[in-house]
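Listed below are the residues making up each chain.
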Amino acid sequence: MATQAQAPVQPGSENKLYILQQGIVEDAPGGVPAHLSFGILSTVPDPVNPGDVTFSLKAPTGFVFTSWLSWAYHDVNTLQAKGNLQTTQGTLTDGGRALTFTHNPYLSTNQEALGYAAQVTAVDGATPGRYTDGQLKVGAAEPIKLKGRVLDAAED
């Protein structure tokens, strides 16, 4: 993130953000943890500063979160990281299927994006298949679906 001062906090401005899952997470039970990746971009050229908001994630069927997540700012044109990767732990509930954390998805311009990765793993005994029942909600913004594919052990 740039070192200039942030624009004033505008509660509810997370509605000016475009939120998307990047790819579909895949893992087999017993495999190494995978990353469920999502990005946040601004839909307006002006700064978007909603302040600290709650990120609520529900893993797709067959997956649980490990509580570790990371994020970094990226240039939207080159996808190059603009700052150091930040890591934290979220709060797990529902046996690890739900993860919450608080963060300010501040974007100084629509030429930068936030890339997030939440660590997940396929649960033992999960039935292989594609699941689209996960969800990500960022503050008051409309939730998006999170998708995952549980692999057969032979596919991993």
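All of the points below concern the structure found in this document. For clarity, every value in this text was computed on a predicted model and none was experimentally measured.

**So, the side chain of Ser-70**
Part 1 of the reasoning: Its location among the elements puts Ser-70 in strand E5 (residues 63-75).
Part 2 of the reasoning: Excluding residues that lie within four positions of it along the chain, Ser-70 makes contacts with Leu-85, Gln-86, Thr-87, Gly-115, Tyr-116 and Ala-117.

**Re the side chain of Gln-21**
Part 1 of the reasoning: Tracing the backbone shows Gln-21 in strand E1 (residues 17-22).
Part 2 of the reasoning: Among the polar contacts listed, one links the side chain of Gln-21 to the backbone oxygen of Gly-23, at a separation of 3.2 Å.
Part 3 of the reasoning: Here Lys-147 takes part through its backbone nitrogen, which lies 2.6 Å from a polar atom of the side chain of Gln-21.
Part 4 of the reasoning: Apart from residues no more than four positions distant in its own chain, Gln-21 is found in contact with Leu-36, Ser-37, Phe-38, Ile-144, Lys-145, Leu-146 and Lys-147.

**Considering the nonpolar core**
Part 1 of the reasoning: Counting residues in hydrophobic clusters, the biggest one holds 34 residues, and the most contacted among them are Ile-19, Phe-38, Ile-40, Phe-55, Leu-57, Tyr-116 and Leu-136.
Part 2 of the reasoning: Contributions of two or more residues to this core are made by E1, strand E3 (34-42), strand E4 (53-58), E5, strand E8 (98-103), strand E9 (112-122), strand E10 (129-138) and strand E11 (144-150).
Part 3 of the reasoning: Once residues lying within four places of it in the same chain are set aside, the contact partners of Tyr-116 are Gln-22, Leu-36, Ser-37, Phe-38, Ile-40, Phe-55, Ser-70, Trp-71, Phe-101, His-103 and Pro-105.

**A word on the pattern of salt bridges**
Part 1 of the reasoning: Under the defined criterion, the tally for this structure stands at three salt bridges.
Part 2 of the reasoning: Between Lys-82 and Glu-112 there is a salt bridge, with the nearest N and O atoms lying 3.0 Å from each other. Placement of Lys-82 in the loop between E5 and strand E6 (86-89) and of Glu-112 in strand E9 is noted, with a sequence separation of 30 residues between them.

Rules behind the numbers
Residues numbered from 1 in each chain as written. Predicted model: local features only at pLDDT ≥ 70, side-chain atom pairs only at ≥ 80, totals over all residues. Heavy atoms only, no water. Helix = DSSP H or I, 4+ residues; strand = E, 2+ residues; numbered from the N terminus. Contact = heavy atoms within 4.5 Å. Polar contact = N/O pair within 3.5 Å; in protein donor to acceptor, adjacent residues only side chain to side chain. Core = buried A, V, L, I, M, F, W, Y, C linked by side-chain atoms within 4.5 Å. Buried < 20%, exposed > 50% of the residue type's maximum accessible area, 1.4 Å probe, protein only. Salt bridge = Lys/Arg side-chain N within 4 Å of Asp/Glu carboxyl O.

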